[in-house]
Amino acid sequence: MTPAVLTGDLGRTFTAKPFGSKSHKPVTVTALSHVNLEIPPGELFGLLGPNGAGKTTLIRILSTLLLPSYGKAFVGGYDIETHPQKIRSLINMVSGGETSGYGMLTARESLWLFTQFYGIPYNEAFKRIDYLLKVVGLEDRANVKLHDLSTGMRQKVNFARGFLNNPSVLFLDEPTLGLDVHIARGVRTFIKEWMKEEEGRTILLTTHYLQEAEQLCDRVAIISDGKIIACDTPDGLKKLIPGRIRLELVIQPVNGRTPSWNDITGLNLIEEKEADNEILFRFLLNDEGIVHHIMNRLVNSEARILSLKKHEPDLEDVFVAITGKKLCDDETAEPPEIPEQ
Amino acid sequence: MALKEILRTFKSALWLSWEVETNWTSPFLYFLYSVIRPLFSMLIVIFIYKVLAYRNPNEDLFQFLYVGSALGLFMLGGLGGLSTILQDDREHYATLKYVYMAPMPFFVYLAGRSGTKVITSAFYMAVALIAGRLFLNIPILQGGKGICLFLLVFVLGLCIIYAAGFLLVGISMLTALHHSFFMSEAVNSILYLLCGVIFPLSMLPGVLKKFAQILPFTHWLELARRALLPPLSLDNGFTGISTPLLLLIFMTGLAVLSLTAWGTFHYIEGRARRKGLLDITTAH
Amino acid sequence: MIEGEGFWKFLERQIRVIIARAYVRVVGMNREPSWMLFDVSLPVLYLAAYLFLYKSMNADETFMGCLVLGGSMVGFWMNVLWGMAGQFYWEKEMGNLQIFFLSPISRMSILIGMALGGMYSTIIRTLVTFFLASWLFHVPFHVTNIWTLLAVFFLTLTALYGLGMIGSSVFMLWGRKGLFLTELLHEPVFFLSGFYFPVRILGFVVAGIASVLPITLGLDGMRQVIYGGVTNIIFLPVGTEILLLGILTVLYGIGACYFLNVMEKRAKQDGRILTRWL
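In this text, all values refer to a predicted model and were calculated from it rather than measured experimentally.

Asks: So what about the overall build of chain B? Which residues, and what values?
Replies: A count of helical and extended segments in chain B gives 12 helices and zero strands. Starting at the N terminus and walking to the C terminus, you meet the elements of chain B as α-α-α-α-α-α-α-α-α-α-α-α. Relative to a compact globule of 284 residues, whose C-alpha radius of gyration would be 19 Å, chain B shows 20 Å and is just as compact. Looking at the 284 residues of chain B, the share that counts as buried comes to 54%. A fraction of 80% describes how many contacts in chain B between residues 6 or more apart in sequence connect residues 24 or more apart.

Asks: So what about the overall build of chain A? Which residues, and what values?
Replies: A tally of regular secondary structure across chain A gives 10 helices and 14 strands. The C-alpha extent of chain A, read off along each of the three principal axes, is 75 × 50 × 50 Å. Buried positions account for 52% of the 341 residues belonging to chain A. Here the contacts in chain A between residues at least 6 apart in sequence split such that 73% fall between residues at least 24 apart. Total accessible area computed for chain A in this model is approximately 15100 Å², and 49% of it derives from carbon and sulfur atoms. The distance from the centre of the 38 positive side-chain charges to the centre of the 45 negative ones in chain A is 5 Å.

Asks: Describe the packing of aromatic side chains, with residues and values.
Replies: For the structure on display, the rule yields 51 aromatic pairs over all chains. Ring centres 5.1 Å apart and planes at 75 degrees place the aromatic pair Phe52 of chain C and Phe137 of chain C in the edge-to-face group. Of this pair, Phe52 of chain C sits in helix α2 (residues 33–56) while Phe137 of chain C sits in the loop between α6 (107–136) and α7 (146–174), and the two are 85 residues apart along the sequence. The pair Phe52 of chain C / Phe137 of chain C is uniform in exposure class, with both members buried. One aromatic cluster is present, formed by Tyr100, Phe106, Phe107, Tyr162, Phe166, Trp262 and Phe265 of chain B through successive ring pairs. Sitting over the ring of Phe14 of chain A, Arg12 of chain A keeps its end group 4.4 Å from the ring centre. For Arg107 of chain C, the ring lying beneath its charged end belongs to Phe101 of chain C, and the centroid distance is 4.6 Å.

Asks: Lay out the sheet that holds strand β1 (residues 5–16) of chain A in plain terms, naming residues and giving numbers.
Replies: All names here are of chain A. Taking strand neighbours across the sheet as the criterion, the four strands line up as β2-β1-β4-β5 in an open arrangement whose pairing is antiparallel. Looking along the sheet, the strands with just one partner apiece sit at the ends: β2 (27–39) and β5 (78–79). Where strand β4 (residues 70–75) lies against β5, two bridges are found, and the strand directions are antiparallel. Following the sheet pairing, Val75 is matched in β5 by Tyr78. Sheet strands touched by helix α1 (residues 55–62): β1, β2 and β4. Its angle to β1, the strand with the most contacts, is close to 115 degrees.

Asks: An account of the confidence of the model for chain A is needed here, citing residue identities and associated values.
Replies: For chain A, per-residue confidence averages 85 on the pLDDT scale, and 92% of positions sit at 70 or higher. In the model, residues 330–341 of chain A has pLDDT below 50 throughout and makes 28 contacts with residues more than four positions away in sequence or in other chains.

Asks: Tell me about the interface of chain A and chain C, and name the residues and values.
Replies: Contact residues are listed per partner, giving 40 residues for chain A and 40 residues for chain C. Buried surface at the junction of chain A and chain C, both sides included, amounts to about 3400 Å², of which 59% is carbon and sulfur. On the chain A side of the contact with chain C, Leu65, Tyr102 and Phe117 of chain A bury the most area, a combined 22% of that side's loss. On the surface where chain A and chain C come into contact, there are one salt bridge.

Asks: Provide a residue-level description of the sheet that holds strand β13 (residues 278–285) of chain A, including the pertinent values.
Replies: Residues and elements named next belong to chain A. Strand order in this open sheet of four strands is β12-β13-β11-β14, and the pairing throughout is antiparallel. Lying at the two open borders of the sheet, with one neighbouring strand each, are β12 (267–275) and β14 (304–311). Between one strand axis and the next, the sheet turns through 15 degrees on average, direction left out of account. Two strands pair when backbone bridges link them, and β12 and β13 are joined in this way by eight bridges, in the antiparallel orientation. Each bridged residue has a counterpart across the sheet, and for Asn268 the counterpart in β13 is Leu284. On the sheet, helix α9 (residues 290–301) packs against β11 (245–252), β12, β13 and β14 and is oriented at approximately 10 degrees with respect to β11.

Asks: Could you give an account of the pattern of salt bridges, with specific residues and numbers?
Replies: It is possible for side chains bearing opposite charge to pair when their charged atoms get close. All names here are of chain A. Tallied over the full model, the rule gives 27 salt bridges over all chains. Here Glu197 makes a salt bridge to Arg201, at a shortest N to O gap of 3.1 Å. The exposure class assigned to Glu197 is partly exposed, which follows from its relative accessible area of 48%. Between Glu248 and Arg282 there is a salt bridge whose closest N-O contact spans 3.0 Å. Separated by 34 residues along the polypeptide, Glu248 in strand β11 and Arg282 in strand β13 bring together distant segments of the chain. One network of salt bridges, in which partners are shared, links Arg246, Glu248, Glu271, Lys273 and Arg282.

Asks: Tell me about a nonpolar patch on the surface, residues and numbers included.
Replies: A contiguous nonpolar surface patch, about 620 Å² in accessible area, is contributed by Tyr122 of chain A together with Phe7, Trp8, Leu11, Ile15 and Ile19 of chain C. Broken down by element, the nonpolar patch gets its largest block of residues, five residues, from helix α1 (residues 7–31) of chain C. Position of Trp8 of chain C relative to the elements: it lies in helix α1. Looking at Trp8 of chain C, the relative accessible area reads 66%, which means it is exposed.

Asks: So what about the environment of Arg271 of chain B? Which residues, and what values?
Replies: Along the chain, Arg271 of chain B turns up in helix α12 (residues 243–275). Spatially, the C-alpha atoms of Arg271 of chain B and Phe40 of chain B are 42 Å apart, while their sequence positions differ by 231 residues.

Asks: Outline the confidence of the model for chain B, supporting the account with residue identities and numerical values.
Replies: All names here are of chain B. Per-residue confidence for chain B gives a mean pLDDT of 89, with 98% of residues at or over 70. Mean pLDDT values over the elements of chain B span from 83, in helix α4 (residues 85–92), up to 96, in helix α11 (residues 216–228). Reported for the predicted complex are a pTM of 0.81 and an ipTM of 0.90.

Asks: Explain the nonpolar core to me, and be specific about the residues and the numbers.
Replies: Counting 261 residues, the largest nonpolar core has Phe171 of chain A together with Phe195 and Tyr196 of chain C as the members making the most contacts within it. The residues touching Phe171 of chain A, leaving out its near neighbours within four places in the chain, are Val5, Ile59, Leu62, Ser63, Val75, Ile91, Asn92, Met93, Val94 and Leu204 of chain A.

Asks: Can you lay out the state of the cysteines for me, pointing to particular residues and giving the numbers?
Replies: A covalent bond between the sulfur atoms of two cysteines is what we call a disulfide. On inspection of all chains with the given rule, the structure shows zero disulfides over all chains. Considering cysteine sulfurs only, Cys195 of chain B is the nearest to Cys159 of chain B, which forms no disulfide, with 17 Å between them.

Asks: Tell me about helix α5 (residues 151–161) of chain A, and name the residues and values.
Replies: Counting buried positions over the 11 residues of α5 of chain A gives nine, a clear majority of the element. When we look at burial in α5 of chain A, the residues that qualify are Met153, Arg154, Gln155, Lys156, Val157, Asn158, Phe159, Ala160 and Arg161 of chain A.

Asks: Describe the side chain of Thr156 of chain C, with residues and values.
Replies: For Thr156 of chain C, the position within the fold is in helix α7. If we ignore the near neighbours within four places in the chain, the residues touching Thr156 of chain C are Pro214, Ile215, Gly218 and Leu245 of chain C.

Asks: Talk me through the environment of Gln269 of chain C; I want residue IDs and the actual numbers.
Replies: Considering the arrangement of structural elements, one finds Gln269 of chain C in helix α12 (residues 238–270). Overall, the relative accessible area of 40% leaves Gln269 of chain C in the partly exposed class. Separated by 10 residues in the primary sequence, Gln269 of chain C and Phe259 of chain C place their C-alpha atoms 15 Å from one another. The residues touching Gln269 of chain C, leaving out its near neighbours within four places in the chain, are Arg12 and Leu67 of chain A.

Asks: Any chance you could break down the environment of Leu229 of chain B for me, citing the residues and the numbers?
Replies: Residue and element names in this part refer to chain B. For Leu229, the location among the structural elements is in the loop between α11 and α12. Note: C-alpha distance between Leu229 and Gln142 (87 residues apart in sequence) is 7.6 Å. Not counting residues up to four positions away in its chain, the partners in contact with Leu229 are Gln63, Phe64, Val67, Ile138, Pro139 and Ile140.

Asks: Before we move on, can you summarise the packing of helix α2 (residues 27–53) of chain B against helix α3 (residues 59–83) of chain B with the specific residues and values?
Replies: Residue and element names in this part refer to chain B. Between α2 and α3, whose axes approach to 10 Å, the crossing angle comes to 155 degrees. Judged by the inter-axis angle, α2 sits roughly antiparallel to α3. With respect to the hand of their crossing, α2 and α3 are arranged in right-handed fashion. Between α2 and α3, the contacting residues are Pro38, Ser41, Met42, Val45, Ile46 and Tyr49 on the first element and Glu59, Phe62, Leu65, Tyr66, Ser69, Ala70 and Leu73 on the second.

Analysis parameters
Residues numbered from 1 in each chain as written. Chains lettered and ligands numbered in written order. Predicted model: local features only at pLDDT ≥ 70, side-chain atom pairs only at ≥ 80, totals over all residues. Heavy atoms only, no water. Helix = DSSP H or I, 4+ residues; strand = E, 2+ residues; numbered from the N terminus. Rg over C-alpha atoms; globule rule 2.2 N^0.38 Å. Buried < 20%, exposed > 50% of the residue type's maximum accessible area, 1.4 Å probe, protein only. Contact = heavy atoms within 4.5 Å. Areas by Shrake-Rupley, 256 points an atom, 1.4 Å probe, with all protein chains shown as cover. Lys, Arg positive; Asp, Glu negative; His and termini not counted. Charge placed at Lys NZ, Arg CZ, Asp CG, Glu CD. Phe/Tyr/Trp six-rings, centres within 6.5 Å; stacked < 30°, edge-to-face > 60°. Lys NZ or Arg CZ within 6 Å of the ring centre and 35° of its normal. Pairing = 2+ DSSP bridges. Axes fitted to C-alpha atoms, helices over the stretch in contact; angles between N-to-C directions. pLDDT = per-residue confidence, 0-100. Buried area = accessible area lost by both parts, 1.4 Å probe. Salt bridge = Lys/Arg side-chain N within 4 Å of Asp/Glu carboxyl O. Patch = residues over 30% accessible without salt bridge, like charges linked within 9 Å, V, L, I, M, F, W, Y side chains within 5 Å. Core = buried A, V, L, I, M, F, W, Y, C linked by side-chain atoms within 4.5 Å. Disulfide = S-S within 2.5 Å. Parallel < 35°, antiparallel > 145°, perpendicular 65-115°, else oblique. Left-handed = near helix turned anticlockwise from the far one by under 90°.

Put into structure tokens, the structure is as follows:
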């Protein structure tokens, strides 16, 4: 079976001349490095990584908008360099946060314009448009000009645009970015339903929302600094980390004595943060028995325990365990709401 | 409002405007760009004159036309540059809201933000005037006569550009992007037609001539011409009015325009806040 | 063309794209009547200033006519500059360019659609400006041969918009620099093409070089046909101009296809297709 997406040793670098610098030496930035991926048809594949990891660059290459610096990429069995037109008839893309289109056209007209790019006859085009506008909850705004719609509504129109040509391979680049809770939930539900509607449809979804990746995707690749560092099902990825339990401990040291965790077997300290005489530790534990050793150390150091929480590990832990970095520095890396199972 | 704060705001806004206008290329190319535009503008008027003068040469009219066009580059260019600045920050860069909520004088920011466009317009005028003096032997500031008056008129020119510019900036707070663009163009073309930039006011039909004669921009152009050129034998509608009197009339008009601009700007600013127009985007 | 797709299917798809893209411009104009008001009134105001200057120098009707036609045709050059050459810049800023580039369409179809839509609105503006200025300033005109006029006019437009298409491919790569260079093309082209005076005054060599701009030949040819019988303003015989405009149309058409492909490839290599500047 021909893979929906296949990349071999794919890489992309960008060079830029630093502005205002006396040196005229261009700076080279590696956006993608030796990426090897194979996505079979019918899979909802997730690409998880922080901002600047290379997710969008990969999507730009696969959607024929950017050429790679080296390596090969195929979509639907066609080479992105030699058969871009063939690929374009199979794909579509939605970038979250985008509000493209012409302000003086109505939502319905704007979508009609894009159907014409795919040669869809008028009647069929309007049937699809009306259906998609209903899906995104804009059926009553169909004849309102784009510049009279709110940003969220324009994003929804843009989301609908991605499905107009019934693409075999759809690239969704942070599709719920900036959407509010119920719209994001609706988008995720629609994505799942759309995949089920027809066999062989493939989605490559990039996100930095952990739960979105975990709950939507059949497989997830973790990308950092342009490299794919792990690729498996969400459960498979969780098995990669050295520990099945995540423990969050906050203590207040006494007389400046902090416990040492180095020699406890099966304990993996993934984060340590100190503020206002309080220290937060995040551990991954191989088994619950290790908690006993942690408590012993705390008693010996006479530290005051402020809180102790136990979690099942998630993809964030996987990411941190593999890369040694957090996926996102702030709490906004959470999706607006956990989608319904 | 402390002077230090005003200067700091003006300086940073001016720096920003300089970067926006010029950092797309090297300083040398920007200089070249700033020389080519006014020179070709002047070539157009020179050749218009050349086409028509073979039958009726009129050296005074040529000087009137040339110097008027050069002054127009400054006055209309500066005004056009200033009037679209608010829309640039609101619609394109989407920074107006942050500027507005920052603890700095908004008025001063806008003055600085449009600084490069006004300076560039003045540079265009200088290039055109110098070229006229050097290559066409137009007696611009011949023997240094009129230089003091011209410096005074130049400063007053800056004042009128900013006064009228702020009036337009104020109005543009209430309008959509494309309407602001058209408003700026409309004001420019009306002034180009009515202020005697390229032809004497005596050519205008009665009512239009009367209207043109009360516009401070017309007075400014006439004053600048009187400063730059020896007396011309053309009827520009101000024959018999002495330069000091014309200056007084102009200053009165400038004061009225400035007060109107100040009042209108603040009134509209309040309205824009009430209607939530300071951070809207109309260009999609 | 997509592999396996027949020629007629391909053509049908491209016609759909052309109609759709032209529709945006036509609808845009119809839905904003104020644009039309400004689009017509502003050129008339500028033109009026020049006409008063001409009158102040006792110019004869032929020269007044030359000015009326040139001033009316300015709209086409502005449309080609901003609505064609600079348009990909704005499409990029609006996020539309990436959609064009990931769709299975010919870029030329998008540009032809833009050109047709732009021509529609600009033809209306030009006609209104021309008749209004002729009427207000009592400038008579007499078309000697309507077919020759139409031939010169439409060949001028096709060659001019072809040039605009080349411009759009170049500016696609340049981004913000392109925008400033677009501004730079105002005055020199107004001068070299003879919008405000017959180009013959520039001399044969300069006018010959300026003839790479189709509007130069177009204006000269149309002036000959509209203000019939005038000989003192002619740069080249109108037949020669028609021939040259035909050659320019073909050259610029081929050039546009070539540059569009080359520049698209370069933009993809450099990653500049989606670089936004504002």
